[in-house]
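Structure at a glance
Residues per chain, in single letters:
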Amino acid sequence: MNKNWWKSAIIYQVTLSSFLDGNNDGIGDFIGLEKKIEYIKDLGANVIWVSPHYSSPMDDNGYDVSDFYQVNKRYGTLEDFKSFVKASHKIGIKVITDLVLNHTSDEHLWFQKASNPLDIDYQKYHDYYIWQKPKYKDGLRVRPTRWLSWFGGPTWDYVEACDEYYLHIFSKKMPDLNWRNKEVREEMKKVVNFWVDLGVDGFRVDAANHLEKNWDFPDGYPGYENFSSLPKHHDYIKEFGEEIFEPRELLTIGESGGASKEEALKYVGFDSKEFNLLIHFGHVWADTGPDNKIFNGKWAKSNLRVQDIKKSFQHWYDMLVGKGWNLIYWHNHDHPRIVSHYGNDSLEFREISAKMLAISLYFMPGTSITYQGEEIGMTNLLYEDINDFRDVEVFTEYKNFLERGATVEMALQALRDRSRDNARSPMQWNASAYAGFSKIEPFMKVNFNYLDINVLKESQNVSSVLNTYKFILNLRKEDAKNISYGALEFLDIENEENFVYRTIGPDKEYLILSNFTDKTIEVKLPVVALSGYEYFYSNSSFKKLSTTNVLKPYEAYVYIKKY
Ligand code: GLC
Ligand code: CA
């Protein structure tokens, strides 16, 4: 096996719950996933990343693990898991799983012992987590700090039996592990080895930049700097890299919201021992404004700034070129659907804008990840009832919005625009009941538009979104030399409407011209830039490259120059 295979890998990300229900209990599972590995291969992918498959009370979609050594019953048995891995390997697909290192579920045995002073192993496990004594103000018990969790509430919860608060930077059912404790790290190495022994080819390492905390616990609000990207978290990752990831030749993808150049090179520099690839969020929220009275962070929606998306891709390429490897993706299970977010999901423009987004992303260098349903242009949800949502984050934030003065409709609209549930509804396979996902009512409502948007329908039309993805991802695989290994150069990067770049390979160049708007725009190119380019592909029809290119709404063109 070529040591560098992952540099041109085409990764496909699956959220198990919503991919395909193989035993008709309303929840996706390994039997369902195994049935679709040929579909994934056909699309051009050669790596599948599966969402957390471990035992879990499912407070946060399985990121709250209660037993790292068991397959979650809702997804099947260990035998089903092994069968899926074996079948994937047989057709040349590698499998990576999600690895949740930062926290466990509060239902994990470790935490049960850690929070029960009567347990004989209390001391040992207490020290697996992060605890602080209460503070008192006017005689009342208050939290050690005012830090804000990523899901919107406080980061501390009180356990009476211990008279202490435990830290949780996500939901209160997800206590953070104490990574300074060597025993914790050793336990986690065992987990990694267990799954590698079963055939897993690598991991996507969840919340990697949060492993270290500021143990002085200074007060502050929101206090993110006390549990994000602290220098020591690199030591932990490096320890895993040196002891396991590298010797066992695993593909590792770390998740870290952002990073400076120095940090990026620590994570994925060729001579660093941490990860192969990094999932950062550089391009993900290019349509947020300043916080307002009701909405903060990603919830504060504003106009899309295309130039910010372009700058992020260029910035990451420039930071890593020659020194580390780049990763490209549009969105994952934590984001709205890309066609609704950066494209246009109206009847008129959904299809063309989904194709435009595919053309705009997948000619860029690096390794790519495609998220389930992206390839058929699945859209955001139009749920009208708060109870239709499933995500733990939704419920805390909904309450926050109402408390801050939002009307129910405003709060629901924010969830429809931005919530993570948008990406987690059942995959739309065909036009039969429940979109062919299951024979019974699924755990979460299918998007109402499945009659129109589904895999079967898409596969019957040669120029569908699905066939566009198939064409481009397969090309990406065949021409990795010029695409994955190419050099990225945006043109007109400050322009607020277009998305124009070149990917320069050793024997050809690709030139991409996209219109990110619902208006007709002109893309002007200097005469010198034109020479030698031939029309190659588009989401519209043949057009010769010229100095002034008129692009109708969401049109995208690809030109090639061969040397
Ligand atoms: C990561 C996951 C997200 C999860 C969180 C806590 O950001 O992608 O889905 O909620 O970590 O594990
Ligand atoms: Ca099932």
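Here the structure is a predicted model, which is why all the values come from computation and not from measurement.

**What to know about the site of ligand 1**
Inspection of the region around ligand 1 gives 13 residues, with Asp60, Arg204, Asp206, His333 and Asp334 positioned closest. Here Asp60 contributes a side-chain N or O atom positioned 2.5 Å from an oxygen atom of ligand 1. Protein coverage of the free-state accessible area of ligand 1, which is 310 Å², stands at 95%. Considering only residue class, the shell around ligand 1 consists of 4 nonpolar, 2 polar and 7 charged.

**A look at the packing of aromatic side chains**
Inspection of the entire model under this criterion finds 53 aromatic pairs. Between Phe81 and Trp195, the aromatic rings sit 5.0 Å apart at their centres with planes inclined by 80°, giving edge-to-face as the arrangement. Linking Phe81 in helix H3 (residues 78–90) with Trp195 in helix H6 (residues 182–197), this pair joins segments that are 114 residues apart in sequence. Judged by its relative accessible area of 0%, Phe81 is buried. An aromatic cluster of at least three residues, connected via ring pairs, comprises Phe30, Tyr54, Phe68, Tyr69, Phe81, Phe84, Trp110, Tyr125, Tyr128, Phe194 and Trp195. Above the face of the Trp325 ring, Lys7 is positioned so that its terminal group lies 5.1 Å from the ring centre. When the ring centre of Trp5 is taken as origin, the NZ or CZ atom of Lys94, which lies over that ring, is 4.9 Å away.

**Quick look at the sheet that holds strand E15 (residues 367–371)**
Within the open sheet, the 8 strands sit side by side as E13-E12-E11-E5-E2-E1-E15-E14. Their pairing is parallel. A strand with exactly one partner marks an edge of an open sheet, and here the two such strands are strand E13 (277–279) and strand E14 (327–329). Neighbour-to-neighbour, the strand axes of the sheet open up by a mean angle of 25°, direction not taken into account. As paired elements, E14 and E15 share 3 bridges and run parallel to each other. Residue pairing across strands places Ile328 opposite Ser368, the latter belonging to E15. Contacts from H3 reach strand E2 (47–50) and strand E5 (94–100), with the element oriented near 140° to E5.

**Quick word on the packing of helix H12 (residues 392–403) against helix H13 (residues 408–418)**
Direction vectors running N to C along H12 and H13 enclose 145°, while the axes themselves pass 9 Å from each other. In the crossing of H12 with H13, the sense of the turn from one axis to the other is right-handed. Together, Val394, Tyr398, Phe401 and Leu402 of H12 and Val408, Ala411, Leu412, Ala414 and Leu415 of H13 make up the contact between the two elements. Its residues placed into classes, the contact of H12 with H13 shows 9 nonpolar, no polar and no charged.

**What about the coordination of the calcium ion (ligand 2)?**
Protein coordination of the calcium ion (ligand 2) is provided by Asp21 (OD), Asn23 (OD1), Asp25 (OD), Ile27 (O) and Asp29 (OD), with donor distances spanning 2.2 to 2.3 Å. All donor residues of the calcium ion (ligand 2) come from one chain, and their arrangement in sequence is D-x1-N-x1-D-x1-I-x1-D. Judged by relative accessible area, which is 34%, Asp25 ranks as partly exposed. Residue classification places Ile27 among the buried positions, given a relative accessible area of 14%.

**Some points on the domain arrangement of the protein chain**
Assigned domains of the protein chain: these are domain 1 (5–102 + 182–208 + 234–470), domain 2 (109–167) and domain 3 (486–562). Of note, the centres of domain 1 and domain 2, computed from C-alpha atoms alone, are 31 Å apart. Counting residues at the interface gives 13 residues for domain 1, matched by 8 residues for domain 2. Where domain 1 abuts domain 2, roughly 840 Å² becomes buried across the two surfaces, and 57% of that area is made up of carbon and sulfur atoms. Joining domain 1 to domain 2, the criterion identifies 1 salt bridge. Elements represented by at least two residues in the side of domain 1 that touches domain 2 include exactly H6 and H12. Counting residues per element, the side of domain 1 that touches domain 2 draws most heavily on H12, which supplies 5 residues. Broken down by class, the residue content of the side of domain 1 that touches domain 2 amounts to 4 nonpolar, 3 polar and 6 charged.

What counts as what
Residues numbered from 1 in each chain as written. Chains lettered and ligands numbered in written order. Predicted model: local features only at pLDDT ≥ 70, side-chain atom pairs only at ≥ 80, totals over all residues. Heavy atoms only, no water. Near = heavy atom within 4 Å. Polar contact = N/O pair within 3.5 Å; in protein donor to acceptor, adjacent residues only side chain to side chain. Areas by Shrake-Rupley, 256 points an atom, 1.4 Å probe, with all protein chains shown as cover. Nonpolar A, V, L, I, M, F, W, Y, C, P; charged D, E, K, R; others polar. Phe/Tyr/Trp six-rings, centres within 6.5 Å; stacked < 30°, edge-to-face > 60°. Helix = DSSP H or I, 4+ residues; strand = E, 2+ residues; numbered from the N terminus. Buried < 20%, exposed > 50% of the residue type's maximum accessible area, 1.4 Å probe, protein only. Lys NZ or Arg CZ within 6 Å of the ring centre and 35° of its normal. Pairing = 2+ DSSP bridges. Axes fitted to C-alpha atoms, helices over the stretch in contact; angles between N-to-C directions. Contact = heavy atoms within 4.5 Å. Left-handed = near helix turned anticlockwise from the far one by under 90°. Donors = N, O, S within 2.8 Å, 3.2 Å for Na, K, Ca; no water. Domains from an automatic or database assignment. Buried area = accessible area lost by both parts, 1.4 Å probe. Salt bridge = Lys/Arg side-chain N within 4 Å of Asp/Glu carboxyl O.

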